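# Results of the structural survey
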Amino acid sequence: MEIMNYKGNHWSARKVDHIYIVSIENHSNIVETLTDFIQNQNIRAGEVTGIGAVSEATLRFFNPATKKYVDRTFKEQMEVTNISGNVSEIEGKQTLHLHITLGRQDYTALAGHLLDAKIQGAGEFIFYPLATRVVKIKNEETGINFYDFDK
């Protein structure tokens, strides 16, 4: 078993064989920090999961009828009960596509596409890189990015 430790901009990680365990510093932005991580480690495809706590989150919801996104920011302390997503390449850049479920103080939940969130407490993630490159291209009919395996 091969184990290596890494540090980056507001993150630290341990690589065990080919899987990464990543911790984000308190008060860091999740998407910005994890994007720095995947660029630093040159992860071009893979899966990510995570948990933690945030003080603010901006979620996005896609309306297929209008092909437009609606964004909404929630500023309150929330538990990250799940972040799941993937890593791919869009327009030549390594990109995260993350969805999040957040638990509120009254035990209700919020969920959606994660634009960004600020850690307030812990941010713990596991990355499962794939030894390939995966490209997404915007589909004009739907307005959504889809995998293009010919690229």
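Residues numbered from 1 in each chain as written. Predicted model: local features only at pLDDT ≥ 70, side-chain atom pairs only at ≥ 80, totals over all residues. Heavy atoms only, no water.

### Considering the side chain of Asn86
Defined as follows: To qualify as a helix, a DSSP run of H or I must reach at least 4 residues; to qualify as a strand, a run of E must reach at least 2; elements of each kind are numbered from the N terminus. Whether a residue is buried, partly exposed or exposed follows from its accessible area with a 1.4 Å probe, protein chains only, as a fraction of its type maximum: under 20%, in between, or over 50%, in that order. Whenever two N or O atoms come within 3.5 Å, that pair is a polar contact, provided that in protein one can donate a hydrogen and the other can accept it, and provided that, for residues adjacent in sequence, both atoms are side-chain atoms. We call two residues in contact whenever any of their non-hydrogen atoms come within 4.5 Å of each other.
By the element assignment, Asn86 lies in strand β6 (residues 78-90). By relative accessible area, which is 17% here, Asn86 ends up buried. A distance of 3.3 Å separates the side chain of Asn86 from the side chain of Tyr147, its partner in a polar contact. In contact with Asn86, other than residues within four places in its own chain, are Gly46, Glu47, Val48, Thr95, Leu96, His97, Lys136 and Tyr147.

### What about unusual backbone geometry?
The phi dihedral of Asn42 is positive, around 55 degrees, even though this residue is not glycine. Along the chain, Asn42 turns up in the loop between α1 (30-40) and β4 (46-63). Although it is not a glycine, Tyr107 adopts a positive phi angle of roughly 70 degrees. With respect to the helices and strands, Tyr107 occurs in the loop between β7 (93-103) and β8 (109-129).

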